[in-house]
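# Structural overview
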There are 2 protein chains.
Amino acid sequence: MKTIKASIIGFGSIGQGVARVLLAKKDYLNKEGIDIKVIAVTDSKGSAVDENGLNLEKCLAVKAEKGTVADKPGMTGLDVINQIDHDLVIEVTPTNINTGGDGLINMRAAFEHKKDVVTSNKGPLALKFKELTKLAEQNGCHFKYEATVGGAMPVINLMRDGMAGNEIESVKGIFNGTCNYILTRMHEEKSNYSEILTEAVDLGIAEADPTYDVEGIDTAGKIVILANAVFGMDKTIADVERTGITKITYEALEMSARSGKTIKLIGEIKKDGSLSVAPRLVPVGHPLSVSGTLNAASIQTDLAGEITVTGKGAGSVETAGSILSDIISIYRDN
Amino acid sequence: MKTIKASIIGFGSIGQGVARVLLAKKDYLNKEGIDIKVIAVTDSKGSAVDENGLNLEKCLAVKAEKGTVADKPGMTGLDVINQIDHDLVIEVTPTNINTGGDGLINMRAAFEHKKDVVTSNKGPLALKFKELTKLAEQNGCHFKYEATVGGAMPVINLMRDGMAGNEIESVKGIFNGTCNYILTRMHEEKSNYSEILTEAVDLGIAEADPTYDVEGIDTAGKIVILANAVFGMDKTIADVERTGITKITYEALEMSARSGKTIKLIGEIKKDGSLSVAPRLVPVGHPLSVSGTLNAASIQTDLAGEITVTGKGAGSVETAGSILSDIISIYRDN
């Protein structure tokens with residue numbers, strides 16, 4: 001049994017999801033020869049630390065009761081990474097697509113301290129992919145980020161391992177569940193964008209300020225990560241040609257439907273290096289014509305043809321599950 | 001560089017696809033540290049053998065010209081396996097779902113001679129999965145069969161590796177492209193089963209005797225393999241409750257469409273051990289509502305929710321690509 005000392009940096013819905021999944025999958029992990037001992041949990045107020053291993057059930061209860069897990073107020077994620085001996089940083093702080101935010105600072109520090117990183121935090125990867133992967137490599141660290149693209153959808157690992165031998169020619173997909181929900185509901189309800197946006201905000205599917213989703217910024221961040229991770233490109237979000245869904249009308253959806261098509265916000269990476277996000281027509285019956293909040297990625301390959309994977313793009317347990325798969329892939333004996 | 005001596009047993013469309021893929025991907029394989037040297041190719045008439053490595057381009061040309069690759073007439077796959085020193089048997093003889101056919105005999109012999117097996121041959125696995133996997137294990141052999149289920153669709157490897165940490169609760173999917181094609185075209189053309197079957201036979205999508213596909217036998221074989229491989233069950237094709245598509249009418253498809261649904265031949269494995277193949281309603285916009293000859297598998301998991309993978313279920317290059325992925329996964333240094 002390998003004991004892995006880990007920190008959970010960020011204890012919002014995803015961080016708590018990770019704690020729940022680690023509790024639920026303890027036996028499974030042990031069977032794989034992995035014992036994850038969480039020695040620190042950090043939220044915006046501070047940290048809880050126990051070098052012998054925290055009781056995660058207690059952490060979740062304290063967080064629910066007091067709104068923070070911190071018994072060391074003011075101790076940041078960066079402090080935990082810099083000061084406490086451990087092996088793995090689970091970086092799940094809120095993402096910042098403009099600066100990389102705390103996530104970028106935390107990941108840099110983790111690698112400098114020879115710690116592995118598993119993350120769902122898109123911002124740092126969409127901005128500084130090359131720098132971070134190089135830092136990880138130079139320090140002999142594992143760096144895994146399946147959860148940054150498509151939540152539960154195992155798209156990066158599938159392209160890297162599941163389709164070995166194939167050359168990947170292009171990738172296009174639906175990488176934002178909020179946009180997919182809005183477009184699906186507009187058609188179902190014969191309603192315009194603004195009405196369905198209100199519904200989506202009420203349901204918690206869209207943020208009060210939905211810009212990040214509906215203008216395609218979130219999608220752009222994800223295709224940048226895929227372009228860099230899978231195609232070995234060196235892109236940032238500024239390289240993406242981008243159009244959102246705010247100008248799509250119900251009439252456009254209805255007209256498309258009459259010719260057997262639907263409109264989806266599609267992010268696309270071509271091998272020539274062009275990256276785009278735009279509303280596109282998709283034939284009904286095509287694997288990308290999935291509705292609701294689903295995400296989907298179609299991978300065009302030289303041998304297998306087009307392979308599509310579809311799944312929930314968000315959700316705390318789903319994302320935590322993706323983080324767990326990454327953890328297992330690092331520490332499992334092969 | 002690891003040199004792997006291999007035989008290709010069966011040199012129909014899939015065997016020839018394997019030869020083409022091995023030629024096209026020689027550099028790729030070398031970069032992965034793998035050198036595949038094919039020392040024997042066998043078809044129904046006999047074998048070509050060269051212990052220093054056959055020229056596969058020449059084998060393909062000879063096959064095209066003379067209809068057989070055999071320069072040793074009458075030398076069977078079993079002879080090659082029993083008599084010639086090599087590491088890997090690529091077993092791609094025609095499948096026989098009733099007896100296991102030559103494939104079963106070849107696989108048993110391969111393991112007894114400590115040879116690894118990669119195959120697309122469903123019959124032996126649908127009938128004797130436990131026996132074969134046990135034989136492989138006892139002899140320390142690798143046994144990989146991604147191509148037996150869903151051609152190019154990486155469903156077995158995805159469930160085993162890509163979604164590590166997840167418990168798989170059920171699998172349902174479209175595992176037969178011929179049936180999917182017939183149902184799709186019946187609806188598009190407002191035609192009945194028999195008319196579209198004729199079209200499918202003309203196009204080479206259905207066999208002259210389509211029983212194996214349209215009665216769900218092929219689908220049943222595939223879900224048996226998945227049930228055994230992924231759920232660790234001990235099923236054979238006799239355990240599958242099975243209904244085909246021959247009684248579906250155009251009117252049924254039209255009526256379903258009016259309520260936003262489509263009819264697909266669905267194979268399903270439940271955790272309780274029940275296996276079924278039957279026409280089922282699928283909502284338009286669901287990941288299983290794909291049309292044409294596509295295959296799709298929806299995997300219900302405890303953490304990731306429902307993940308669906310879609311791709312071409314057949315085709316010689318697609319199937320050969322899947323065989324190549326398996327070969328790489330065995331011999332690549334990890």
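Residues numbered from 1 in each chain as written. Chains lettered and ligands numbered in written order. Predicted model: local features only at pLDDT ≥ 70, side-chain atom pairs only at ≥ 80, totals over all residues. Heavy atoms only, no water.

### Some details on the packing of helix 7 (residues 155-162) of chain B against helix 11 (residues 217-231) of chain B
All names here are of chain B. Orientation of helix 7 relative to helix 11, taken along the N-to-C sense of each, is 15°, at an axis distance of 10 Å. Considering the angle they form, helix 7 stands roughly parallel to helix 11. Judged by the twist between their axes, the crossing of helix 7 over helix 11 is right-handed. Mapping the contact onto sequence places Val155, Ile156, Met159 and Arg160 in helix 7 and Leu226, Ala229 and Val230 in helix 11. Taken together, the residues of the contact of helix 7 with helix 11 break down into six nonpolar, no polar and one charged. (Axes fitted to C-alpha atoms, helices over the stretch in contact; angles between N-to-C directions. Helix = DSSP H or I, 4+ residues; strand = E, 2+ residues; numbered from the N terminus. Parallel < 35°, antiparallel > 145°, perpendicular 65-115°, else oblique. Left-handed = near helix turned anticlockwise from the far one by under 90°. Contact = heavy atoms within 4.5 Å. Nonpolar A, V, L, I, M, F, W, Y, C, P; charged D, E, K, R; others polar.)

### Let's talk about the environment of Ile327 of chain A
Residues and elements named next belong to chain A. Following the sequence through the fold, Ile327 ends up in helix 13 (residues 316-331). In the structure, Ile327 is positioned 208 residues away from Thr119 in sequence and 9.9 Å away in space, judged by C-alpha atoms. If sequence neighbours within four positions are ignored, Ile327 has contacts with Ile36, Leu88, Ile90 and Val118.

### Observations regarding empty space enclosed by the protein
Taken as a whole, this structure holds five cavities of 30 Å³ or more when the rule is applied. Looking at the largest cavity, it is lined by 13 residues, and the ones nearest its centre are Gly162 of chain A together with Ala152, Pro154, Ser322 and Ser325 of chain B. Among the elements that make up the lining of the largest cavity, the one with the highest residue count is helix 13 (residues 316-331) of chain B (four residues). Within this model, the second largest cavity holds a volume of roughly 60 Å³. Taken together, Glu146, Ala152, Pro154, Gly321, Ser322 and Ser325 of chain A together with Gly162, Met163, Asn166, Ala304 and Ile307 of chain B form the lining of the second largest cavity. (1 Å grid on protein atoms, 1.4 Å probe; cavity = no way out; pocket = protein on both sides within 12 Å on 5 of 7 lines; lining within 4 Å. Points joined across faces, edges and corners; volume = space filled by probe spheres on them.)

### A word on the interface of chain A and chain B
Taken together, the 40 residues of chain A in the interface contact 40 residues of chain B. Together, the buried faces of chain A and chain B total about 2,900 Å²; carbon and sulfur atoms form 58% of this surface. Where chain A touches chain B, the interface holds two salt bridges. Residue Lys25 of chain B is joined to Asp302 of chain A by a salt bridge in which the shortest nitrogen-to-oxygen separation is 2.6 Å. Sorting the residues of the side of chain A that touches chain B by element identifies helix 7 (155-162), strand 13 (306-312) and helix 13 of chain A as the ones contributing at least two each. Counting residues per element, the side of chain A that touches chain B draws most heavily on strand 13 of chain A, which supplies seven residues. For the side of chain A that touches chain B, a count of residues per class yields 19 nonpolar, 13 polar and eight charged. (Buried area = accessible area lost by both parts, 1.4 Å probe. Salt bridge = Lys/Arg side-chain N within 4 Å of Asp/Glu carboxyl O.)

### A few points about the domain arrangement of chain A
Residue and element names in this part refer to chain A. According to the domain assignment, chain A consists of domain 1 (2-151 + 316-333) and domain 2 (157-312). Taken over C-alpha atoms, the centre of domain 1 sits 28 Å from the centre of domain 2. Taken together, the contact between domain 1 and domain 2 spans 17 residues of the former and 21 residues of the latter. Interface area, domain 1 with domain 2, both sides summed: about 1,500 Å², of which 60% is carbon and sulfur. At the junction of domain 1 and domain 2, the tally comes to two salt bridges. Remark: the boundary between domain 1 and domain 2 carries three residue pairs in polar contact (both at pLDDT 80 or more). Residue assignment for the side of domain 1 that touches domain 2 shows that the elements contributing at least two residues are helix 6 (122-138) and helix 13. Per element, the largest residue contribution to the side of domain 1 that touches domain 2 is six residues, and it comes from helix 6. Its residues assigned to classes, the side of domain 1 that touches domain 2 shows seven nonpolar, four polar and six charged. (Domains from an automatic or database assignment. Polar contact = N/O pair within 3.5 Å; in protein donor to acceptor, adjacent residues only side chain to side chain.)

### Overview of the packing of aromatic side chains
Residues and elements named next belong to chain A. Tallied over the full model, the rule gives six aromatic pairs over all chains. Between the aromatic rings of Phe111 and Phe143, the centroid separation amounts to 5.0 Å while the plane-to-plane angle is 75°, which identifies the pairing as edge-to-face. Here the residue Phe111 occupies a position in helix 5 (residues 101-112), and Phe143 occupies one in strand 7 (residues 143-144), the gap between them amounting to 32 residues. Of the two residues, Phe111 and Phe143, neither departs from the other in class, the shared state being buried. Through pairs of rings, three or more aromatic residues link up here, namely Phe111, Phe129, Phe143 and Tyr145. Its guanidinium or amino end placed over the ring of Tyr28, Lys25 lies 5.7 Å from that ring's centre, counting from NZ or CZ. (Phe/Tyr/Trp six-rings, centres within 6.5 Å; stacked < 30°, edge-to-face > 60°. Buried < 20%, exposed > 50% of the residue type's maximum accessible area, 1.4 Å probe, protein only. Lys NZ or Arg CZ within 6 Å of the ring centre and 35° of its normal.)

### Observations concerning the packing of helix 6 of chain A against helix 11 (residues 217-231) of chain A
Between two packed helices, the angle of one axis relative to the other and the distance separating the axes together describe the packing. Residues and elements named next belong to chain A. At a minimum axis separation of 9 Å, helix 6 and helix 11 run at an interaxial angle of 55°. With respect to their mutual orientation, helix 6 and helix 11 come out oblique. Relative to helix 11, helix 6 is oriented so that their crossing is left-handed. Contact residues: helix 6 offers Lys122, Leu125, Ala126 and Phe129, while helix 11 offers Asp218, Gly221, Lys222, Val224, Ile225, Asn228 and Ala229.

### Describing the sheet that holds strand 12 (residues 294-301) of chain B
With respect to topology, 12 strands assemble into an open sheet ordered 9(A)-11(A)-10(A)-8(A)-12(A)-13(A)-13(B)-12(B)-8(B)-10(B)-11(B)-9(B), the strand pairing being mixed. The sheet terminates laterally at strand 9 (240-242) of chain A together with strand 9 (240-242) of chain B, the two strands that pair on one side only. This sheet shows a mean twist of 30° between the axes of neighbouring strands, independent of strand direction. Bridging between strand 10 (residues 261-270) of chain A and strand 11 (residues 275-283) of chain A involves nine bridges; their strand directions are antiparallel. Bridging from a neighbouring strand, Lys264 of chain A pairs with Arg280 of chain A of strand 11 of chain A. (Pairing = 2+ DSSP bridges.)

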